[in-house]
Amino acid sequence: MRHVDGNAMGGLLWEVFGAEMTHQLGCCAGCGAVNPLATLTVYRDAPGEVARCPACGTVSIVVVRMPHAIRVTIEGVRWLQIHTG
Amino acid sequence: MAGAEIQRRLNWLVAVVVGVVEETPSVRSLTLSCPGWPGHRPGQHIDLRLTAPDGYQAQRSYSIATPSEGELVTITVERIFEGEVSPFLLDVVAPGDRLELRGPIGGYFVWDPGEGPPVFLAGGGSGVVPLMAMLRARISSGDGTPMHLLVSARSRDDIVYREELETLSHHDGVVVTLTLTRSRPEGWTGYDRRVDGAMLRDLVMSPDSGLVSYVCGPTGFTESVAGLLVALGHPPHRVLTERFGPTGG
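In this report, we go over the structure that sits alongside the text. (Residues numbered from 1 in each chain as written. Chains lettered and ligands numbered in written order. Predicted model: local features only at pLDDT ≥ 70, side-chain atom pairs only at ≥ 80, totals over all residues. Heavy atoms only, no water.)

## Some points on unusual backbone geometry
Residue and element names in this part refer to chain B.
1) Next: For the bond from G103 to P104, the omega torsion is 0 degrees, close enough to zero to count as cis.
2) Next: Considering the arrangement of structural elements, one finds P104 in strand β6 (residues 98–105).
3) Next: For E82, which is not a glycine, the phi torsion comes out positive at approximately 60 degrees.
4) Next: Within the secondary structure layout, E82 lies in the loop between β5 (72–78) and α2 (86–91).
5) Next: We note that E115 has phi near 55 degrees; this positive angle belongs to a residue other than glycine.
6) Next: By the secondary structure assignment, E115 is in the loop between β6 and β7 (119–124). (Helix = DSSP H or I, 4+ residues; strand = E, 2+ residues; numbered from the N terminus.)

Put into C-alpha cells, the structure is as follows:
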C-alpha cells in the first residue's frame, strides 16, 4: 500500500494544466471508467509520478520533472472533461 | 468558484511561522501568515517546499486544518519516521521562520458550509486534519448541517485536537466518536477496535439520507472504510476519499 491518490498530485497537475484538476473527470482508456482525477491511484516513488485508474490499474497519467521542463504522458486517458463554471 | 479557480495562478509564496501548537508527542500544528494568500475551502491542502543551502529542494503536501481566515494558514504535521521534511517542521521550525508554500490546492475533497446533505467524516490518525477544517467551518459559520466525525487513533494520547474534540462533541448537530485501536485509558467506554462494518452500521445514517462521507487517513484505513461504506449501500460518488500513503502525510 505504498500509493497515495490524485489529491496529492493536485499541485503538479495544476502546473501541467494551469488549473485545479482534482475534481475534473477523466475517462480511462483501458476500461472506460469515469472518475475524478482525485481518485486515481498515485505512485510517487517511481521516477516521476505515476497515476493509475482506480478501477482497472491502467496507467493514466505519468508526470516526470526534468531540470527545465515537465514531461507529461496521458496515453491512458481517453478524455478529460474540464468544468469551466 | 470554478471559473475563478481556472484564472488563478499557483505561485510559490513566502509565509512566516506565527504560531506553534504541540498536538501530540508526534504531531504539531504550525500557523503561517502568508501575504497574498487568496483564501481556501475546508479540505484543501498546500504544497510546502524546503530548500537546502546547496539548492536541494524537498516538497510535501499538507492539509489545512482551519477554515479560511485572512492570510492565516494552519497545517498539522505528523512526524514520519526517517522523513526528510516532517522532522524539520517538528523539531527545528520556530515562530519567525519563513517557509515557501503554494495553494490552496484541491477541488474534490472539499466541503463548504451551506445546509447541504448530512456529512459523515472518518479520519485515521492525522487523516483527521482536513476533516477538522470542515468541522471547524461548520461550527464557526453557524451552519446547521448534521455532521458526525469518527476518529480512529492508536491511544488517547495520539488523538490530534483531543481537547477541542471533547468539547465539540457537545455542540448542537455535531457528533464526535472516538475509537482507540491499541491502548485505552482505564474506564474507557468507547470503541476499542479498528473501524468495521458493525461500527459503521451503528454510527452512520442510512444512504436514503443523502449522506456524504469524507474518509481520510493512511491508504489502508481509507480504502477499508470507504469500501465498508459502499458495502452498506452508500453510492461511491458520495464517499470521498483522500489517501495519505502507508504511514500518513
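## Concerning the pairing of strand β9 (residues 174–180) of chain B
Residue and element names in this part refer to chain B.
1) Next: Of all seven residues that make up β9, six are buried, and the element is covered over most of its length.
2) Next: Alignment of strand β8 (residues 147–153) against β9, held across seven bridges, turns out to be parallel. In the strand pairing of β9, A153 is matched with L180.
3) Next: Each parallel crossover has a hand, and for β8 linked through helix α4 (residues 162–168) to β9 it is right-handed. (Buried < 20%, exposed > 50% of the residue type's maximum accessible area, 1.4 Å probe, protein only. Pairing = 2+ DSSP bridges. Right-handed = clockwise from strand over helix to strand, strands pointing away.)

## Concerning the sheet that holds strand β1 (residues 13–24) of chain B
1) Next: An order of β4-β3-β6-β1-β2-β5 (chain B) is seen for the six strands of this open sheet, with the pairing classed as antiparallel. Across the chains shown, the open sheet's two edge strands, defined by having one partner strand only, are β4 (57–63) and β5 of chain B. Each adjacent strand pair in this sheet contributes to an overall mean axis angle of 40 degrees, direction not counted.
2) Next: Here strand β2 (residues 27–33) of chain B runs beside β5 of chain B; their pairing, made up of seven bridges, is antiparallel. Within β5 of chain B, the position partnered with T31 of chain B by the bridge is T74 of chain B.
3) Next: Lying on the sheet, helix α1 (residues 10–17) of chain A is in contact with β3 (45–51) and β6 of chain B; it crosses β6 of chain B at an angle near 75 degrees. (Axes fitted to C-alpha atoms, helices over the stretch in contact; angles between N-to-C directions. Contact = heavy atoms within 4.5 Å.)

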